[in-house]
Amino acid sequence: MDKISKGQRADYYERIERQHLSPLWESLHQLVPTKPIDACVPVLWRYQDVRPYLIEAGELISAEEAIRRVLILENPALRGLASTTSTLYAGLQLILPGETAPSHRHTQSALRLVVEGRGAYTVVNGERTTMEPGDFIITPSWAWHDHGNTASEGAEPVVWLDGLDIPIVRFLNAGFAQNGQEDSQPIRLQEGTSFARFGHNMVPVNHRHKGRTSPIFNYPYARSREALDNLLRFEEIDPCYGVKLTYTNPLTGSWAMPSIAAFIQLLPAGFDGLPSRSTDATVYVVVEGKGRATVGQQLFTFEEHDVFVVPSWVPVSFACAQDVVLFSFSDRPVQEFLGLWRESLQ
């Protein structure tokens, strides 16, 4: 091929741009990289720094006016996108004694991890459940839900972490929402009904489940903690994860939510883990204890209630002098369904 001048190439690019065309060879290395390139960055939110702003929000706007009084944990590399990772949203929600967060529903799937306080409840599709610290609670896509705090005036506020697949749904242009006609939906089922039906490795004989979300919407922390303690006694701990469990759908054995994976893990006192990395960027919440997480080149010293992000394909390792319990969630179900998920143990 004869030598092509820069001017000829520039002229060509200008002409094809007017036809809404673009040369793949100029962007191929970005579109098909040799390893994952995550737009989000490692970040740690210290709960003791964030909490005063949550309490102040409670003085400035009511739960009813805000619909959901939440401070979004926005990744500094994704400002303005309401994104904690490239695919997931996380925020801290405050509900004060006597308040109700009004009923609504949306196509986005949501999880709650109760951070602090007692006296709150959530109602999902007519069943109410009490929310205790450490509980993992699911709100399925398009399920009516409202929240409240029945504690008397002067009692402690309740804070939980919300995790939603908002960026995924936004990318697919599949977001819908609907507000309820009443602030609180009618209670149709006795509290504990879902767990009685599905929480004991049995299913009502005439049950026909619809959807891919777990029929259990409250996984109590007391049971999760007991399982972790028992496994610590009975099994050899993983050199990267300690003792780690996946929350599952009891009807299928698969993920508890179709778009979000949820995990809980115990790092025993003295744990000094090996690094690992995976393609699913992950949000971690510290349920108990203090420790250290090395995320890429950054060292995060964390304590109870802190939240931090490990981006896609960035190595992470943990160390602690005392027992630590971590809750985490990621988009791994979506990646596995598409055959994309990869893990590397270093």
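Anything mentioned here points back to the structure above.
Now for a look at the structure at hand. The structure displayed is predicted, hence computed values, not measured ones.

Calculation criteria
- Residues numbered from 1 in each chain as written.
- Predicted model: local features only at pLDDT ≥ 70, side-chain atom pairs only at ≥ 80, totals over all residues.
- Heavy atoms only, no water.
- Core = buried A, V, L, I, M, F, W, Y, C linked by side-chain atoms within 4.5 Å.
- Buried < 20%, exposed > 50% of the residue type's maximum accessible area, 1.4 Å probe, protein only.
- Contact = heavy atoms within 4.5 Å.
- Patch = residues over 30% accessible without salt bridge, like charges linked within 9 Å, V, L, I, M, F, W, Y side chains within 5 Å.
- Areas by Shrake-Rupley, 256 points an atom, 1.4 Å probe, with all protein chains shown as cover.
- Salt bridge = Lys/Arg side-chain N within 4 Å of Asp/Glu carboxyl O.
- Lys, Arg positive; Asp, Glu negative; His and termini not counted.
- Charge placed at Lys NZ, Arg CZ, Asp CG, Glu CD.
- Helix = DSSP H or I, 4+ residues; strand = E, 2+ residues; numbered from the N terminus.
- Pairing = 2+ DSSP bridges.
- Axes fitted to C-alpha atoms, helices over the stretch in contact; angles between N-to-C directions.
- 1 Å grid on protein atoms, 1.4 Å probe; cavity = no way out; pocket = protein on both sides within 12 Å on 5 of 7 lines; lining within 4 Å.
- Points joined across faces, edges and corners; volume = space filled by probe spheres on them.
- Nonpolar A, V, L, I, M, F, W, Y, C, P; charged D, E, K, R; others polar.

**Section: the nonpolar core**
Right, on to step 1. Among the nonpolar cores identified, the biggest contains 53 residues, and Leu92, Phe136, Leu161, Tyr247, Phe327 and Phe329 are the most heavily contacted of them.
Right, on to step 2. Dropping the residues within four chain positions of it, Phe329 is found in contact with Leu88, Tyr89, Ala90, Leu111, Leu161, Gly163, Ile260, Ala261, Ala262, Ala281, Thr282 and Val283.
Right, on to step 3. Counting residues in each nonpolar core, the second largest holds 17 residues, with Phe300, Val310, Val316 and Val324 among its members.

**Structural notes on a negative patch on the surface**
Right, on to step 1. Taken together, the side chains of Glu64, Glu65, Glu182 and Asp183 define an acidic patch exposed on the protein surface.
Right, on to step 2. Mapped onto the elements of the fold, Asp183 is located in the loop between strand S11 (177-179) and helix H6 (193-198).
Right, on to step 3. Judged by its relative accessible area of 36%, Asp183 is partly exposed.

**Regarding the sheet that holds strand S1 (residues 43-45)**
To summarise the sheet geometry, strands pair through backbone hydrogen bonds and adopt either a parallel or an antiparallel arrangement.
Right, on to step 1. Spatially, the 6 strands line up as an open sheet ordered S1-S19-S16-S21-S14-S13, and their pairing is antiparallel. Two strands lie at the open edges of the sheet, namely S1 and strand S13 (243-246), each paired on one side alone. Going from strand to strand, the sheet's axes swing by 20° on average, the running direction of each strand aside.
Right, on to step 2. Of the pairings in the sheet, the one linking strand S14 (residues 261-267) to strand S21 (residues 324-330) comprises 7 bridges and is antiparallel in character. By the bridge assignment, Ile264 is partnered in S21 with Phe327.
Right, on to step 3. Sheet contacts for helix H7 (residues 221-234): S13, S14, strand S16 (282-288) and S21; angle to S14, the most-contacted strand, approximately 50°.

**Observations regarding the pattern of salt bridges**
Right, on to step 1. Applying the stated criterion across every chain, the model contains 10 salt bridges.
Right, on to step 2. One salt bridge connects Glu116 with Arg51, and the closest N-O pair in it is separated by 2.5 Å. Of the two residues, Glu116 is situated in strand S5 (residues 110-116) and Arg51 in helix H3 (residues 47-60); the sequence distance between them amounts to 65 residues.
Right, on to step 3. For Glu116, a relative accessible area of 15% translates into the label buried.
Right, on to step 4. A relative accessible area of 26% places Arg51 in the partly exposed class.
Right, on to step 5. Two residues, Glu336 and Arg332, come together in a salt bridge whose shortest N-O distance is 2.9 Å. Remark: Arg332 and Glu336 occur in helix H8 (residues 332-337); sequence separation between them is 4 residues, near one turn of the helix.
Right, on to step 6. Shared partners join several salt bridges into a network, and the residues in it are Arg225, Asp229 and Glu288.

**A word on the layout of surface pockets**
Right, on to step 1. Of the voids in this model, the largest pocket is the one considered here, and its volume is about 1000 Å³.
Right, on to step 2. Together, 34 residues line the largest pocket, and Thr87, Ile168, Asp331, Val334 and Gln335 are the ones closest to its centre.
Right, on to step 3. Sorting the residues of the lining of the largest pocket by element identifies helix H2 (28-31), helix H5 (166-171) and H8 as the ones contributing at least two each.
Right, on to step 4. The greatest single-element share of the lining of the largest pocket, amounting to 5 residues, is contributed by H5.
Right, on to step 5. Its residues assigned to classes, the lining of the largest pocket comprises 16 nonpolar, 12 polar and 6 charged.

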